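Spelled out from the first residue to the last, the chains are:
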Amino acid sequence: MTIPWWPVVFVDIAGSLAVLFISAASILAARNLSAEKPGDAFRHYVFMLTLAIGAFAISRSLSHLLHYALDWVGMKSIWKMLSPFTGAVNSASFIAVFAFSIYFDRLLRVKLAADKTELELATTRATAEAARQNEMRLHAILDGMEDAIYVIDDNFRLKFYNRKMKTLLPNVEAGDYCFSALKNLDSRCEACRHADILENNRAVSREFTIASLSRSFNVIEMPMEWIDGGRVRLNVARDITDQKKLEEQLRQAQKMESIGRLAGGVAHDFNNVLSGIMGYGELALMRLPENHPARKDIRMVIEAGEKAAGLTRQLLAFSRKQVLEMKIIDINAAVDRMSTMLSRMIGEDISLEVAIGSVEPRIRADAGQVEQVVMNLAVNARDAMPNGGRLRIETADAEIDALYADREEGVQPGRYVLLTISDNGEGMTQDVREKIFEPFFTTKEVGKGTGLGLATVYGIIKQHHGHIHVYSEPGHGTTFKIYFPAELEAVDETSPARETAIARRGSETVLVVDDAQPIRRLIVETLAPLGYRVFDASGGAEALRLAAGLKDRIDILVTDMIMPGMNGRQLSEQLCSLHPETKTIFMSGYADPSIIPDGAVENGSFIQKPVMPSTLLAKIGHVLGNG
Amino acid sequence: MITHEVGHILFIIGVVYLLIRSRSRRWIGPGWKEFKLFLWFVLAWNAVAFAGHWIELYIPKEQFIKSNGETTAFVIAGFGDIVYYVSILDHLVLLPASIFLLLALRRWKGAEGHSA
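Residues numbered from 1 in each chain as written. Chains lettered and ligands numbered in written order. Predicted model: local features only at pLDDT ≥ 70, side-chain atom pairs only at ≥ 80, totals over all residues. Heavy atoms only, no water.

Every contact between the two is made by 49 residues of chain B and, on the other side, 49 residues of chain A. The contact between chain B and chain A buries some 4200 Å² in all, and 73% of this surface belongs to carbon and sulfur atoms. Considering only the side of chain B, the residues that lose the most area to chain A are Phe11, His91 and Leu105 of chain B, jointly responsible for 15% of the buried surface there. When the shortest N-O distance is used, the salt bridge between Lys109 of chain B and Glu36 of chain A registers 3.8 Å. Counting the contacts that link chain B with chain A gives eight residue pairs in polar contact (both at pLDDT 80 or more). At the level of elements, helix 1 (2-24), helix 2 (32-57), strand 1 (64-67), strand 2 (70-75), helix 3 (79-87) and helix 4 (91-108) of chain B are the ones that each hand at least two residues to the side of chain B that touches chain A. With 12 residues, helix 1 of chain B is the largest single contributor of residues to the side of chain B that touches chain A. Grouping the amino acids of the side of chain B that touches chain A by side-chain chemistry returns 31 nonpolar, 12 polar and six charged. Two strands pair when backbone bridges link them, and strand 1 (residues 2-4) of chain A and strand 2 of chain B are joined in this way by three bridges, in the antiparallel orientation. The residue bridging Ile3 of chain A from the neighbouring strand is Phe74 of chain B, located in strand 2 of chain B. (Contact = heavy atoms within 4.5 Å. Buried area = accessible area lost by both parts, 1.4 Å probe. Salt bridge = Lys/Arg side-chain N within 4 Å of Asp/Glu carboxyl O. Polar contact = N/O pair within 3.5 Å; in protein donor to acceptor, adjacent residues only side chain to side chain. Helix = DSSP H or I, 4+ residues; strand = E, 2+ residues; numbered from the N terminus. Nonpolar A, V, L, I, M, F, W, Y, C, P; charged D, E, K, R; others polar. Pairing = 2+ DSSP bridges.)

Turning next to the sheet that holds strand 1 of chain B. As summarised here, the arrangement of the three strands in space is 1(A)-2(B)-1(B), forming an open sheet in which the pairing is antiparallel. With partners counted over all chains shown, the strands left at the sheet margins are strand 1 of chain A together with strand 1 of chain B, one partner each. Taken pair by pair, the neighbouring strands of this sheet meet at an average axis angle of 35°, ignoring direction. As defined by bridge partners, strand 1 of chain B adjoins strand 2 of chain B across four bridges and the pair is classed as antiparallel. Across the sheet, the residue bridging to Ile65 of chain B is Ala73 of chain B, located in strand 2 of chain B. Packed onto the sheet, helix 3 of chain B meets strand 1 of chain A together with strand 1 and strand 2 of chain B and runs at close to 140° relative to strand 2 of chain B. (Axes fitted to C-alpha atoms, helices over the stretch in contact; angles between N-to-C directions.)

What follows concerns the pairing of strand 17 (residues 583-588) of chain A. Residues and elements named next belong to chain A. Along strand 17, five of the six residues are buried, which leaves the element largely enclosed by surrounding structure. Pairing analysis gives five bridges linking strand 16 (residues 556-560) to strand 17, with the strands arranged parallel. Bridge assignment links Asp560 to a residue of strand 17, and that residue is Met587. As a crossover connection, the stretch from strand 16 through helix 16 (residues 568-578) into strand 17 is right-handed. (Buried < 20%, exposed > 50% of the residue type's maximum accessible area, 1.4 Å probe, protein only. Right-handed = clockwise from strand over helix to strand, strands pointing away.)

Here's what the structure looks like:
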């Protein structure tokens, strides 16, 4: 059987061409595969294997094609010359493929080893990275803390410190002696408990001060094992400077408060006593003929009482129990008004400088009390400059932010008007500075000062919701800075009601209520001779019973503010519900502003004890509308 | 001729070795199926080509009918002639082998890793 040969030729030529191109494409693909991951041994192996197979396939395809081409052009002799070479290339390719195939197992071992090494390296790298991250986290935590943290070894050398420590002591370095870095000492501190802490394995807490920083710290010192196995002392130091300052301010404020309460209580009782002394004195003057020899003596008694009343007023001012006539005032104008009078008061050897700098000078204050503050501070400055000097009074606008307010006890953030009174006199030591606002504290000679001037200033300012700072150094003068809360409302131009002491006769019914019998009697004896119908009661309940039994109207209720059982305000409210026509005059020797009815001071229906007959008559006249 | 046949034998040994490893190593993942098909086809081509080379030695020249010096037909005188005729159509086996190798390489490219 004969079969045609052309299918052999066709398949050979077509197959050679196809294999030629596919093999070339395979070599390119293998190269790209290897290039994709240059370090991958397997991919490199695949490239080499493909190169061997491809080289064989290309060589074989080209040789077949060349064979046919040379046959067709009648150059068979050339093919006979070339065929051994192409056969050799094919054989070499076979051997290469064999070699690469056998090498595969070796490659696997190498690859596995490499993979293992890579895995180990990756694990090591991951472990190292995790350790680094962990260290960074710990450092971040330590550096983020507001406490100074440092470690001291057995030789008193710093082994570690955090960022806060470096911030506090920029020159500190690891290896420095702790006593040198912290205390600037040449040897260990006397109070050092290093050995005690390490030997007894216990933590201790103590306070210490870094003098160079003027700051106080509370440090907890505890033993710990260091990374090298050695025993060290870990210190965690918290800055308590601001806390101590606030505690001191609070302690001072509480002391002033308790002294104020004491002073206020004394003033209250004293005012009741003075009411009797001065009131009866004045009553006696009213009754005695003009030429009576006892009048002069009685006036002396009244003058002495007035001096005593002045002291109680200052005590009340200090204890913040004064009744204030609050209104919007211009502090610039107040200072300007006082300057002439102050110049005369301080004398010619002291120059007065007034610097009006406040653009928004309005404050809510009792103008008389503000003048009292300026006056007292000016007197204080004058006494601090016996050989002359300079007194400077300034006003300015000030803003207190929340940060500052947090650091100062009782200070609220906001806008303030700043009144500064400074002198270049003797100045004060710190001990004196801490006590100047205490009542009866004075550095003046006996008999030259009551010790109430600055206490009064303090009380007035606190009652105005302001605050006062004093800056003073011996030999460098003193500066008082007073902050009054600023007001936006317009200045109040109205004048307070003034009473005229006229011995007004009347026929109205007056109910007098006071738990102090001498005061009731004084008022009764003042009013009854002038024609008034006067009833008296020792308390609110008795007064209400009395009022309920009266058929006639009660024109005026004169009542003490603070009494056992029911205060004056409650009595007035209840009595007015029975007798709506009744008008009330309040009295108090301990006038807590919070219990005085609104407007009582402004409309003139309040009497500050001691009660004087003349003042009482004037108030009654004012309340009845014909004074 | 002997060198070439030894080359074929080594080629076959190499491919068989890879095929054995492919079973024991359980090659899995993209491309490995194509690579194993490549190995099987290239093994088959080797066997066909190797057989063709040996049979050719025993075929009388008269069985190649020529015209103007060119072979135009082949006389089949026995089973060995049939095997020879088929063996010289070896590109029918080598071409699929080449294609599967190219496919395996393309599958591997872009794959994250290769099991071996």
